[in-house]
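Fold and contact review
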Amino acid sequence: MKNKYIFGGFIIVVFLGIMIYLFTQSNIQYKDDFTQVMNTTKTVKATGSWVKTKSYHIDKANKTFSFYLMDDKGNEMKVIYDGTMPNNFETATSVVVTGTYTGDYFHAKDILTKCPSKYENQQVQTSGL
Amino acid sequence: MIGTIVLVAALAFSLMSMVMYYLSFRGYKNAINYARIAYHGMAMLVIVASTLLWYALLTHQYEYKYVFSYSNNSLKTGFLLASFWGGQEGSFMLWLLLTSIIGIFLQSYASKRGDLEQRVMTVFTLATTFLLIMVSPWFKNPFEFIWTSPMFIELKSINPKYFNLSFIQSFLFTDQGSGNSFVQVNSDLRNLLANSGITLNQFIVDGRGLNPQLLNFWMQIHPPILFTGFSMATVPFSFAIAALMKNDYKDWVRQAFPWLLAGMGILGLGIMLGGYWAYEMLGWGGYWAWDPVENSSLIPWIVGVAGIHTLLVQRKTQVKGSIGKFVKTNLILCILTYVLVLYSTFLTRSGVLGDASVHSFVDPGMIVYLFLFFFIGTFILIGAGSIIYRWKYLSDPTQSEEGLISRELALFTASIVLIAAATIVIVGTSAPLFGHSVDTFFYNEMNLPIAIIIGLLNGLSLIIKWRDTGKKDVIKKSLPLLGVSVLISVLIILFGGISQLMIILLTFSTTFALVVNAEIAYKIIRGNKKMLGAYVAHIGISLFILGVIGSAVFTQEKDIDLVKNQSQSAFGYEMTFTDIYPIENNTKYEFNIDVKKGNTEYKVKPVMYISDFNNSLMRVPAILTLPTKDIYFSPLGYDDGTSSEVHGKQISVLIGNEFEFGNAKIKYNEFIKPDISQMMSGGDITMGTKLTVSYDGKDYNITPMIKRESNKFVYTPAEIKEANLKIEVQKIDPQSQKANFVVSKINGETQPTQPKEVLTLTASIKPFISLVWIGVVVMVFGFFISVARRLPESFIKSS
């Protein structure tokens, strides 16, 4: 049974090695604290909510979409995304952007909008109207 | 109510069947009859419960939370039937239904093969029991009534003739943000309605409907096939545990083989259909995104396929009554396949991947999370525990070592490589559990060398023989095949202009596997066609990988602005956007694009619409399928020429305060209160704000207004042409004294005099993408040829 273990073991060791190496290379961490996002040059996934009170901009010529994102602690960050406003953006409860902070703004390559799943968790209040 | 009772009864039958089968295994002969009756009773009850759920969906019984949440009146019958598995509860129900039906076949299969039935069914009924607990009233019951937990329902879903009921007022709520009104449905309201003789089915007249991304033809087909594959993975697991129970590892291999083949064939087809759905529907142009949901069904498939190869070795090496090689490997792989199906369910249903996927996962709550954890933990414990318990019996001392050049060792190596691939996908998919995430290049980079090795091993293992093969023999046989493979690869590489080393290697290894399998298939096609299975499956997977190379490496993509009636050229095609028109009762817009090359003209029709379901823009791509390539049109946006870029600001201001926009200062002076008498009589309500805008040394007084007509808000913005300013008041809150404004530039002023209609889209060329689909279909066909061959072999004369 020696050959079996030599072959199997060799393959497992080689792939585990490559995998750990690549994992550290492509590893992207989730950050929900923007002070940390702004202090790293690594690619991260920043989670926050859209600041609706600040101006947003859809630039059709350069195909970018810029807006402000705020984390739980109230830190705001400008985000420029290579693309147009994604589906569901207006109704999203939270936004996950993947990219790097460039010093002035967060350059997002990817954007994921989390929508209120139905209205189950939505706060509905009585209004003054 | 009946549905819930039926499911609870089914749970009792399932438990009884499990206990009786176990007693029968322990020697109580009479118990097996009770066990069989209980199993069939359980299966019948599950079928009845499923029929009840379908009936509730077809007859729009919105008193059920599930029916309300996942269907509505406008769904056509096909989609109504498919909304059965539109949500979590229903997909567990579908899984249960298919597992129960498969169990009927399994029981009949096992009863004809010695003492197999008692053991196999003991394990199998444990699985059905767990699934039944999942849909029981304590967890994800599809028959839960809508009022059991308070739920906010939009007014449009409520029968308007009950609006004047006196007690309705205390259940009415308005969401300040959106201005929508809701009725809170809870047990109090239900009781009050019941007192007035009104049922909830009368009160709630429409449901929320399906997510628009699910409204696709494949929604009716993909989930049942995928879940059939998941359900069938229970069977090899049961066989493996059954073998461990009896401590006999010879016969189970042949008995489990057709089930594993069929299960993996169906699961493979299901995964591919999911990919095709994504390609056709989601509009990003690909079929595989390494999304957790996709990955989690791929992992058990890869492990199951690895198991097929080592099971084959064990079967081939069972000579003279020995149990064969790789006994432990086979037991572990069959157990692991099902455990990974459960793990995949855990990943995708427990809410742990919340931030990581486009599929929206609802957090099902702690208790379901713990139960799923318990479910998977139980099966891991049973599997691992029984293997450790029997460890010393699990090797065959009579087996000699595999030769260095033997098919046994090649197949074993191939399985290990497949497991390496599965491990990579598991690690990447599970990373979010630990707050990490991997980029898709992790999967691509890792699986590329694996695919190369697998192609080479595939070809090589078929050239070398079982047991030991002489080196000269191998070289003599492989040289002509290698020559043909090199020739074809060189042609592909030169013709396609491939320059990356890894892709060149992959092309060669895949071509090699294709040539070797095609040669063997050609030799035996006139002989026993049942022997073709493996070769057909291998040809399929080779074609698939060639399709992946073609579509992934050679895709060209371009963003194009198509001005109406002006032709543009891209990829050698003349494209003209000619028309936009409403379809499906004005709910969607279709764009017509003429695509021309030489004298051939095609028409493609991408679609865009605003979905009521989630109030967002949906873009449906159009695909032009040509013999050697697809041209893929994904709409990005449409500008009808009347508005320029969107540029605005939303701001909340306290009364008496100022804010700035550009060079203008805006002061919120006064709240124009609505007329109280009108408010009391329920008529339209008008309110507004008084603002002073200072711009260029001048002051302007404006009064943007809001009016509420029945349940709709009408906004009357104020404009100041001199300042190029438009102000709309969106919300006024008298309590906090704050108002929300949207300030923007007046549109149109900076516009060119000639409005242009522009359709922006991403066009891409995807060469040979059809090989991806064809390859998988051919592969699945091969699996089923093998099933036909291995089924008769599973009858073993009682030893």
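Everything that follows concerns the structure shown earlier in this document.
Report follows, based on the coordinates. (Residues numbered from 1 in each chain as written. Chains lettered and ligands numbered in written order. Predicted model: local features only at pLDDT ≥ 70, side-chain atom pairs only at ≥ 80, totals over all residues.)

What follows deals with the environment of E601 of chain B. Residue and element names in this part refer to chain B. By the secondary structure assignment, E601 is in strand β9 (residues 600-604). By C-beta crowding, E601 is classed as exposed, having 11 other C-beta atoms within 10 Å. Expressed as a C-alpha distance, the spacing of E601 and E574, which sit 27 residues apart in the sequence, is 9.2 Å. (Helix = DSSP H or I, 4+ residues; strand = E, 2+ residues; numbered from the N terminus. Buried ≥ 20, exposed ≤ 12 C-beta atoms within 10 Å, placed from the backbone.)

With that settled, consider the sheet that holds strand β2 (residues 172-174) of chain B. Sheet strands pair by backbone hydrogen bonding; their relative direction is either parallel or antiparallel. Residues and elements named next belong to chain B. Pairing is antiparallel in the open sheet, where three strands are placed in the order β1-β3-β2. Bordering the open sheet on either side are β1 (151-154) and β2, each of which pairs with just one other strand. On average, each strand axis in the sheet is tilted by 40 degrees relative to the strand beside it, whichever way the strands run. Bridge analysis of β2 against strand β3 (residues 181-185) gives three bridges, and the strand direction is antiparallel. When the sheet's bridge partners are listed, F173 is paired in β3 with F182. (Pairing = 2+ DSSP bridges. Axes fitted to C-alpha atoms, helices over the stretch in contact; angles between N-to-C directions.)

This paragraph deals with the packing of helix α5 (residues 88-111) of chain B against helix α9 (residues 222-232) of chain B. When two helices pack together, their arrangement is given by the angle between their axes and by how far apart the axes lie. Residue and element names in this part refer to chain B. Put simply, α5 and α9 touch, their axes get as near as 9 Å, and they point 55 degrees apart. In terms of their interaxial angle, α5 and α9 are classed as oblique. In this structure, α5 meets α9 at a crossing whose hand is right-handed. Contact residues: α5 offers S91, L94, W95, L98, T99 and I102, while α9 offers P223, P224, F227, T228, F230, S231 and M232. (Parallel < 35°, antiparallel > 145°, perpendicular 65-115°, else oblique. Left-handed = near helix turned anticlockwise from the far one by under 90°. Contact = placed C-beta atoms within 7 Å.)

Moving on to unusual backbone geometry. Residue and element names in this part refer to chain B. With a phi angle near 60 degrees, N247 is a residue other than glycine that sits in the positive phi range. Topologically, N247 is positioned in the loop between α10 (234-246) and α11 (251-281). In this structure N247 comes out as exposed when scored by C-beta crowding, with 11 C-beta atoms within 10 Å. If you check the backbone angles, F768 has positive phi at about 55 degrees while not being a glycine.

All names here are of chain B. As a packed pair, α5 and helix α6 (residues 116-134) sit with axes 10 Å apart at the nearest point and diverge in direction by 170 degrees. By the angle between their directions, the pair α5 and α6 is classed as roughly antiparallel. Across from F92, W95, L96, T99, S100, G103, L106, Q107, A110 and S111 in α5, the residues of α6 making contact are L116, E117, V120, M121, F124, A127, T128, L131, L132 and M134. Its residues assigned to classes, the contact of α5 with α6 comprises 13 nonpolar, six polar and one charged. (Nonpolar A, V, L, I, M, F, W, Y, C, P; charged D, E, K, R; others polar.)

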